[in-house]
Each structure stands twice: as structure tokens, then as C-alpha cells.
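Listed below are the residues making up each chain.
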Amino acid sequence: MGDTMEEIVQTTPKQFSRDELKNRIAHWVGPNHVPKQLNVITDTTDFFRVDYDDVVILGDRPYLIRNNEREGRFGIDEQQKFWVKRARDLSDGSVKIIKLVFRERFQSRVGGIVFDCYRSPKKEARILDLTKGHPRFMQGFSLNDSSNNVIRIADFIKGKTLADTILQFGRDHEDYFYHYFPTIFDEYIELVEAIQFLHQRGEKHGDIRRDHVIKDEATGNCRWIDFDFNYMHGENMFGYDLFGLGNILAYLVGRGDVTVQQLRDSGSPVAERLTSYDVNIIFNNRLVNLKKVYPYVPDDLNFILMHFSADADVFYDNTHQLLHDLGEARNKLKTL
Amino acid sequence: MNSRKANNRNILIAVDESENAARAVAYVRDLLAGLTGYHITLITIIPEPSEDYFISEAERTEWMKDKNASARSILETYRKLLIDAGFRDEEIKEVLVIKECTSIAECILAEQEKLACGTVVIGRRGISKKEEFIFGSTSSKILHTARDCAVWVIE
């Protein structure tokens, strides 16, 4: 792993004849999938014009563009990310995710707090470089296209999100908690350590959420993905990342979000006894005091979750503090 | 605490365009106007966005120019306020720092150390708990991490 960012080198795209490209497509994708009209692109500035079956040449490698990637959350239909393409590397046949440059500045609103955000290809390029070889991060590299756009090329990770993975475990929550959660908790601790690795090097992930962790089928490891989100941080540069880590922990402990609505709908007696102490400081419809619903959640673990409560007086300032408490909770979990 | 530095009469006031900064300056003015031997440093920290926040170098230059001008204007306003209250011109210094900073509090305290100020004065923004949770609080961080100086947090 490199500690410093390597300089991004603009590379003149290598020249390929159309016949050679067609031969490569036939070899890696199949003779029936060779486009009749081959559109070869070296300048990706207008990413809407980079389409299915086009060949993009970056550096000395041609890539056959397949579909746009999609991202969905919270039940909203998945949205196409037109600047993120799945592609086949026509040099070795591997599947890649190619992230083109999409300049976007916008205001995010989280729990009524508004802050300035932007996409930062250079940040993602730095992090890819920084985490090269790290088993907990998506792997890839960056280079500039013929118009100096910072393109990121990441290995495609085959697997489900961590969020989807855990939903299939356990007959019920108690079974999940005793038989599956300890292993998941170990995974989570390693993911937090990976974020600490970034923070210690002055980088934030920027968009920590449960669908940005993929369980890699090839290695069995969970990996963080998508590092291009950036925001104008306040006093604590890492506060938003820590908030995301807390949300994921609550999701993992609860085997999904435990919401006020769910409790009401299910007629749970707990619903009548909820106070601001029990709910997430930002998402007031989600519970963090999970011990109230699942009494077998140990105190040390619940104690961590309560740092994300609307009534919390003490917050985590950094991953070191969080990891300290996670370690204690993990030790207690062993003795259950 | 190093009492020699803490007891000196160099006072650092962190200011920006906010009302809490105005309160901090007003507090110092009301407390110390007419007394001799105090040296006031008005400091503004402008956190510079990271490299690709700007689409072009021209946009970055324009941003820097605007921020610089508004910060200079704020500093000048507060200098005048203090002089009108009886401070002498040579007793007031202005410092403008534009840099990428992970923490404004750390930047302020680094300047406090550099300028050997025995007192740091800052206004409290009165941010919500949610906001403090996600983005932290500069006054809280200064209060908790300052060493070798006194801290006045003005409500």
C-alpha cells in the first residue's frame, strides 16, 4: 500500500485498428456480440455519448462499454449513474467499473442540516492509490483521458451489499444475534479499522452507508466502495463518516433498520414507551436503543449505539474512540 | 499551564462574518477599552476547499479573491470598532489565514501558539446538537484542546 499519492499521469491513448478491436471483442465477449459500427472514444468529457458497445481507449487498454451502473436506496427506484459504466477490459477480459468525470456541486440535507457537497474524482483517485492492496477497499487505479479527465477504473466486485447479505441470516432476530452477528460484528470492526486507515491519512470516505459495502464473493471480505463524494466539512472533518458508521452498526445489530413505524404496525408494547432517548439523533424514526426491543443486546454494545441517540451528550470524535468501545463490546460478546 | 504566556496581554480574537464574532469583539472592547498594555490580534481563518472543488483555476482565483476581500473587510470593521473604543492603532494586529485545514480550531490554536497569545476569544455559535454531532463545534474544540492559554467563549 502506498502512503502517498502517485502522480496521475496523462497517457496518450494507444492506437488500435478497428479490426484488432473487433477481434478482441469477439475473443472476450463472443463473435455474436461484435458491433457492426464501432464507436471508438478517447475523450469522455461528454459521458452521455459514451454508450453501450462503444470502445473507450484509456492509456494502452481498450474497454468495451456495457451498461450504466445503478444506485438505489430506501425503496426508491434505482437510478442510473450515466457517468459510471460497467465495461470489459479488452486486454484481459476482466470486468471493470469505469467512472467518468461528472462535475456536480449540490446541497445535501440530512436531518434538517444543509451542507455543500461535490463529486471529487481526484479524491477518489487519491483513495484508490492510497488503498492499493488493502483487502477492505475496492481496488483500482486512475488515469487521465485524452482531455485530461481523471478517470477511475475499478475492479468489479461480484457480491451483494453487506446490508442485503445479513437479511438472509437467522430464523428470527435472536437466532441471528447469537449465531451470525458475532461474525458480522468482526467484519464491521475491520471495516471501521479501514476507515480509520483513511482518516489517519487525512482522507474521509465521504459517503458511508450500508450499500457502499460489498461482500466480495471472491475473497469473502467486505469492501468499501465509492469514494468520490466530498463535502465542505465543519470542525470535525470525520463527523459525517462517524455518523455513517453508527447507522451501519445499528442496522447490523437490528438485522435491518428498526423503525418506530414498524413497532407501531406490529403492535409492539415498546412503541408506546419510546422517547427521544431511544431514537437516532438525525433519523428520528429509527431506533438506536435496540436493547429496548431486543433485551439480549449486551450493555456494552448498546452503549455504543447510544452515542448516536437524539439525547446523547457525548459523541464519538474519531474512529479511535469508536474502535476502543467496539473492542470492549466484542470481548463481552465472546462470553455470552 | 505556562503562566508566563497565559498571563501576557496578547489577546487573540477569532472573527468571521457571524454575529457571534461580533459579540466576541464587543466583549473584549467593553472589558478592556481604556486599559493600557493589551495587544489584540484579530484573526480570520478561511478554510480552502480541496483541489477539485473548483471547476477551473479561474473559478478558484475568483473564490479566493472574494473570500480575501470579505475577510479583509471584516477585519477592518473590527479594527475600527476597537480604535473607536480607545485602543491605539499599534495595539491591534490583523491576521488572515487561507489554507486547507482539517480543523479551524487547530488552525486558530496554531496561530495562538505562533503569536504567543495568552488568551483566545471566540464567540459561540449556538449550533444545534445535530449539527455539533455531524460537524463538530469550533468553540468546544478550542475549549477542550487549548493548552497554555486562557479561553474566553462568548455567548
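Parameters and conventions
- Sequence positions are assigned chain by chain, starting from 1 and proceeding in written order.
- Chains carry letters from A onward and ligands carry numbers from 1 onward, assigned in written order.
- Confidence filtering applies because this is a predicted model: local features only for residues at pLDDT of at least 70, side-chain atom pairs given and counted only at 80 or more, and all residues used for totals across whole chains, interfaces and linings.
- Each helix corresponds to a stretch of at least 4 residues labelled H or I by DSSP, and each strand to a stretch of at least 2 residues labelled E; elements are numbered beginning at the N terminus.
- Only C-alpha atoms enter the radius of gyration, while the globule expectation follows 2.2 Å times N to the 0.38, with N the number of residues.
- Residues are called buried when their C-beta atom has 20 or more other C-beta atoms within 10 Å, exposed when it has 12 or fewer, and partly exposed otherwise; all C-beta atoms are positioned from the backbone.
- Here, residues touch in the contact sense if the C-beta positions derived from the backbone fall within 7 Å of one another.
- For two strands to be treated as a pair, DSSP must find no fewer than two bridges joining them.
- We call a crossover right-handed when, viewed with both strands directed away from the observer, the connection leading from the first strand over the helix to the second proceeds clockwise.
- Lines fitted to C-alpha atoms define the axes, with helix axes restricted to the stretch in contact, and inter-axis angles between N-to-C directions lie between 0 and 180 degrees.
- Here is the rule for angles: anything less than 35 degrees is roughly parallel, anything more than 145 is roughly antiparallel, 65 through 115 is roughly perpendicular, and the remaining ranges are oblique.
- For any pair of crossing helices, the crossing counts as left-handed if the nearer helix is rotated counterclockwise from the farther one by less than a right angle, and right-handed if it is rotated clockwise.
- Throughout this entry, Asp, Glu, Lys and Arg are counted as charged residues, while Ala, Val, Leu, Ile, Met, Phe, Trp, Tyr, Cys and Pro are counted as nonpolar. The remaining residues, Gly among them, count as polar.
- These domain limits were set by an automatic method or by a database of domain assignments.

S.K.: I'd love a proper account of the overall build of chain B, names of residues and values included.
M.R.: A count of helices and strands for chain B gives six helices and five strands. Listed N to C, the secondary structure of chain B is α-β-α-β-α-β-α-β-α-α-β in terms of helices and strands. Over its C-alpha trace chain B gives a radius of gyration of 16 Å, about what one expects of a compact globule, namely 15 Å for 155 residues. In terms of overall dimensions, chain B has a C-alpha envelope of 50 × 30 × 30 Å along the principal axes. In chain B, buried positions account for 30% of the 155 residues. Across chain B, every contact between residues at least 6 apart in sequence was considered, and the portion connecting residues at least 24 apart equals 80%.

S.K.: Outline the pairing of strand β2 (residues 39–47) of chain B, supporting the account with residue identities and numerical values.
M.R.: Residues in a regular strand project their side chains so that they alternate between the two faces of the sheet. Residue and element names in this part refer to chain B. One ladder, built from five bridges, connects strand β1 (residues 10–14) with β2; its direction is parallel. Looking across to β2, one finds that Leu12 is bridged to Thr41. Running through helix α2 (residues 19–32), the crossover from β1 to the neighbouring parallel element β2 is right-handed. For β2 and strand β3 (residues 92–99), the ladder comprises eight bridges, and the chain directions are parallel. Opposite Ile45, over in β3, you have Val97 as the bridge partner. You can see the chain leave β2, run along helix α3 (residues 57–84) and come back into β3, and the turn it takes is right-handed.

S.K.: Residues and numbers for the packing of helix α4 (residues 104–114) of chain B against helix α6 (residues 138–145) of chain B, please.
M.R.: Packed helices, taken two at a time, are described by the angle their axes make and the gap between the axes. Residues and elements named next belong to chain B. Two elements in contact, α4 and α6, have axes separated by 8 Å at closest approach and are oriented at 50°. Regarding the angle of α4 to α6, the classification is oblique. For the crossing formed where α4 meets α6, the hand is right-handed. For the pair α4 and α6, the contacting residues are Ile104, Ala105, Ile108 and Leu109 in the first and Thr138, Lys141, Ile142 and Thr145 in the second. Residue composition of the contact of α4 with α6, by class: five nonpolar, two polar and one charged.

S.K.: Lay out the interface of chain B and chain A in plain terms, naming residues and giving numbers.
M.R.: Taken together, the contacts link 20 residues of chain B with 23 residues of chain A. Here the side of chain B that touches chain A takes six residues from helix α5 (residues 129–135) of chain B, the largest share from any one element. For the side of chain B that touches chain A, the residue count by class is eight nonpolar, six polar and six charged.

S.K.: With reference to specific residues and values, describe the sheet that holds strand β12 (residues 229–231) of chain A.
M.R.: All names here are of chain A. In spatial order, the strands read β6-β7-β12; together these three strands make up an open sheet with antiparallel pairing. What marks the edges here is a single partner per strand, and that holds for β6 (105–110) and β12. Taking each pair of neighbouring strands and ignoring which way they run, the sheet shows an average axis angle of 40°.

S.K.: Describe the sheet that holds β2(B), with residues and values.
M.R.: All names here are of chain B. Pairing within the open sheet is parallel, and its five strands lie in the order β3-β2-β1-β4-β5. The open sheet terminates on both sides in strands that have one partner only, identified here as β3 and β5 (150–154). Strand-to-strand, the axes of this sheet are offset by a mean angle of 20°, without reference to chain direction. Where α3 meets the sheet, its contacts fall on β2 and β3, and the angle it forms with β3 comes to roughly 160°.

S.K.: Break down the domain arrangement of chain A for me, with residues and values.
M.R.: Residues and elements named next belong to chain A. By the assigned domains, chain A splits into domain 1 (25–155) and domain 2 (162–334). Contacts between the two partners involve 22 residues from domain 1, matched on the other side by 22 residues from domain 2. Among the secondary structure elements, those contributing two or more residues to the side of domain 1 that touches domain 2 are β6, β7 (113–119) and α2 (121–130). When residues of the side of domain 1 that touches domain 2 are assigned to their parent elements, the largest contribution, six residues, is made by α2. Broken down by class, the residue content of the side of domain 1 that touches domain 2 amounts to 10 nonpolar, four polar and eight charged.

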